[in-house]
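# Residue-level structure breakdown
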Amino acid sequence: MTAQTLALAPVSSSTRVIACATDEIGEVAADLVASLAPDGVLGVATGSSPLALYAALIRRRAEGLATEGLRLFALDEYVGLSGDDPRSYAAYVRSVIAEPLGIPASRVRVPSGSTAADAETYERAIAAAGGVDLQIVGIGRNGHIGFNEPGSDAETRTRVVELDESTRRANAEHFGGDLSLVPTHAMTQGVATILSARRIVLVASGAAKARALRAALTGPVTAANPASFLQRHPDVTVVADSDALTEDR
Ligand code: GLP
């Protein structure tokens, strides 16, 4: 394993950056998740970035890692897609994470609905579980975490948001490339909800993330780049490849 702690100097001393080859991201991130207690609360991101991590956890389960007792909370969900829709994040969490890791549906929560009461229910469920022990996050090209688009401030909690056009375009590939099929709204954990997790692991790969990632780690803390609020968290580990950590200027 050639993972190394990179020279890219995050502003926050509580942020650690592990640079590794693209094909090592999954195993490096899995090392961190594997340190959870067998009945720990794992916050899961959907999207492409953490796929290798989930694959690594599934391999480790086959080698004896106990994952069945974990509890899962997802970051976000599209408004208007039912949990049976294969494009929903509920379907992703079920088929890519929970079922292969042997975690029963009763221990898996994904935001659902579209009302303030639905959002409050989700916040209460996280609190009732004792909070999230380790939250996995990706980063959007515009700096979003979960679906907290630019403009989301540090106090935000789970709520319905309108998706940026750029985010809908980036995610259109999951809807057959048809932008008109991408939902316009989502329910997402807020920035404050995410920052309530005891540990945060951000995974990122590819040059498309470089600008947002550098700004998040080394720029001002600002709602213009919601990932920058991670600088305020006491325990963040970034696992990223060199493309994501190198911004062409
Ligand atoms: C998506 C999701 C996020 C995800 C991010 C990056 O829109 N809402 O939870 O982390 O954008 O996605 P990807 O890893 O596919 O680039």
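To be clear, the structure that these remarks concern was listed above.
As the structure is a computational prediction, the values presented were derived from the model and not from experiment. (Residues numbered from 1 in each chain as written. Predicted model: local features only at pLDDT ≥ 70, side-chain atom pairs only at ≥ 80, totals over all residues. Heavy atoms only, no water.)

## Concerning the overall build of the chain
Inclusion rule: Per the convention used, a helix needs a DSSP run of H or I reaching at least four residues, while a strand needs a run of E reaching at least two, with both numbered from the N terminus. Computation of the radius of gyration draws on C-alpha atoms alone. For the globule rule, the value is 2.2 Å times the number of residues to the power 0.38. Whether a residue is buried, partly exposed or exposed follows from its accessible area with a 1.4 Å probe, protein chains only, as a fraction of its type maximum: under 20%, in between, or over 50%, in that order. Contacts between residues were defined by any pair of non-hydrogen atoms, one from each residue, lying within 4.5 Å. Each accessible area is a Shrake-Rupley estimate made with a 1.4 Å probe; only the visible protein chains count as cover when residues are assessed.
Each helix and strand in the chain was counted, giving eight helices and 11 strands. Compactness check: the chain gives a C-alpha radius of gyration of 17 Å against a globular reference of 18 Å for 249 residues, within 12% of the reference. With the C-alpha coordinates of the chain rotated into their principal frame, the extents come out at 45 × 45 × 35 Å. In the chain, buried positions account for 53% of the 249 residues. At a minimum sequence separation of 6, the contacts of the chain that also span at least 24 residues come to 77%. Counting only carbon and sulfur atoms, one obtains 51% of the accessible surface of the chain, whose full area is about 10600 Å².

## Brief notes about the pairing of strand β9 (residues 185–188)
Spelled out, the test is: Pairing between strands is defined by DSSP: at least two bridges between them are needed.
Relative to β9, strand β5 (residues 76–78) runs antiparallel, the two sharing three bridges. What sits directly across from D76, in β9, is T188. Here four bridges tie strand β8 (residues 159–162) to β9, and the two strands are oriented antiparallel to one another. If you follow R159 over to β9, its bridge partner there is T188.

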